[in-house]
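# Summary of the model geometry
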Amino acid sequence: MREATITRNTAETQIEVTLNLDGTGRYDNQTGVGFFDHMLDQLSRHSLIDMTIRAKGDLHIDDHHTVEDTGIAIGQALCKALGDKKGIRRYGSFLLAMDESLLRAALDLSGRPYLVWNVDFPTEKIGSFDTQLVREFFQALSTHGGISLNVARLDGFNSHHIAEAAFKAVARALREAVEPDPRMAGILPSTKGAL
């Protein structure tokens, strides 16, 4: 079973993440940050990764630690669930349109984290949510998931649509990358012999 649970406790946050890579996109995410929960629900549904998240953070300060640490825990859970990565497709990409927004995401589950983030937002907030935290989440996910991740906004003027399209595009790329490849059963998708 390609499942994992990660618990992360710090002085700033207490987080538990459970993932099932072979799910149907069922989710139950509660972080205390409404817009972020909505984005995590999109990540789960469109990647087909079942996801349960419970996070308690220092929201009296701001949302930063909760968002970043959730990204860290999801990345760690993803690595654990992938195991030795034998038989996976490894790469994924998706071009996603949502209303006026167009986002591109491409990723490699290489074990070598790197984020290229070419997404800007026309506003600093979506409701009370700081748009800078979208990048912070994906930086944490990339770093702790060992993912080379490239995300770009090609079009869009509504910050909510841009953020949601980014989460959905990454989700669809992730769905492709974690899927078992029937032609690579038991084979590591690398000539190095390690990922």
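This write-up is about the structure you can find in this document. (Residues numbered from 1 in each chain as written. Predicted model: local features only at pLDDT ≥ 70, side-chain atom pairs only at ≥ 80, totals over all residues. Heavy atoms only, no water.)

### Looking at the sheet that holds strand S7 (residues 114–118)
Each strand in a sheet pairs with its neighbour through backbone hydrogen bonds, running either in the same direction (parallel) or in the opposite one (antiparallel). Taken together, the 4 strands give an open sheet; going across it, the order is S5-S6-S10-S7, and neighbouring strands pair in mixed fashion. A strand with exactly one partner marks an edge of an open sheet, and here the two such strands are strand S5 (91–98) and S7. This sheet shows a mean twist of 10° between the axes of neighbouring strands, independent of strand direction. As judged from the 5 bridges shared by S7 and strand S10 (residues 148–155), these two strands associate in the parallel manner. For Asn118, the partnering residue across the bridge sits in S10 and is Ala152. Sheet strands in contact with helix H3 (residues 132–145) are S7 and S10, and its direction is about 160° off that of S7. (Pairing = 2+ DSSP bridges. Helix = DSSP H or I, 4+ residues; strand = E, 2+ residues; numbered from the N terminus. Axes fitted to C-alpha atoms, helices over the stretch in contact; angles between N-to-C directions. Contact = heavy atoms within 4.5 Å.)

### Regarding the side chain of Asn29
Looking at where Asn29 falls in the secondary structure, it is placed in strand S3 (residues 27–30). Within the local environment of Asn29, its side chain forms a polar contact with the side chain of Asp41, the two groups lying 2.9 Å apart. Of the polar contacts made by the side chain of Asn29, one reaches the backbone nitrogen of Ile53; its length is 3.4 Å. Once residues within four sequence positions are removed from consideration, Asn29 is found in contact with Asp37, Leu40, Asp41, Met51, Thr52, Ile53 and Arg54. (Polar contact = N/O pair within 3.5 Å; in protein donor to acceptor, adjacent residues only side chain to side chain.)

### Here's the deal with the pairing of strand S6 (residues 101–108)
The side chains of a regular strand alternate between the sheet's two faces. Pairing analysis gives 8 bridges linking S5 to S6, with the strands arranged antiparallel. Within S6, the position partnered with Met98 by the bridge is Ser101. Adjacent in sequence and paired antiparallel, S5 and S6 are bridged by 2 residues, among which Asp99 carries a positive phi angle near 50°.

### Re the packing of aromatic side chains
Tallied over the entire structure, the rule returns 6 aromatic pairs. Taking the centre distance of 4.7 Å and the plane angle of 50° together, the rings of Phe138 and Phe167 count as tilted. Within this pair, whereas Phe138 is found in helix H3, its partner Phe167 is found in helix H4 (residues 159–178), the two being separated by 29 residues in sequence. Residue Phe167 is classed as buried on the basis of its relative accessible area, which comes to 2%. Within the aromatic cluster, the residues linked to one another by ring pairs are Phe36, Trp117, Phe137, Phe138 and Phe167. (Phe/Tyr/Trp six-rings, centres within 6.5 Å; stacked < 30°, edge-to-face > 60°. Buried < 20%, exposed > 50% of the residue type's maximum accessible area, 1.4 Å probe, protein only.)

### A short note on the nonpolar core
Core analysis: the largest hydrophobic core is formed by 56 residues, its most contacted members being Ile74, Leu107, Leu109, Trp117, Phe137 and Phe138. The element that contributes the greatest number of residues to this core is H4, accounting for 12 residues. Setting aside residues no more than four positions away along its own chain, Phe137 makes contact with Phe36, Leu40, Leu43, Val67, Thr70, Gly71, Ile74 and Phe167. (Core = buried A, V, L, I, M, F, W, Y, C linked by side-chain atoms within 4.5 Å.)

### So, the sheet that holds strand S2 (residues 13–20)
Strand order in this open sheet of 4 strands is S1-S2-S4-S3, and the pairing throughout is mixed. Two strands close off the open sheet at either side, each with one partner strand: strand S1 (3–9) and S3. Mean inter-strand twist for the sheet, computed between neighbouring axes without regard to direction, equals 5°. Examined bridge by bridge, S2 and strand S4 (residues 50–57) share 8 bridges and lie antiparallel to one another. Its bridge partner being in S4, Leu19 is matched across the sheet by Met51. Helix-sheet contacts for helix H1 (residues 34–47) involve S3 and S4, and the interaxial angle to S3 is about 155°. Lying over the sheet, helix H2 (residues 64–82) contacts S1, S2 and S4, oriented at roughly 35° with respect to S2.

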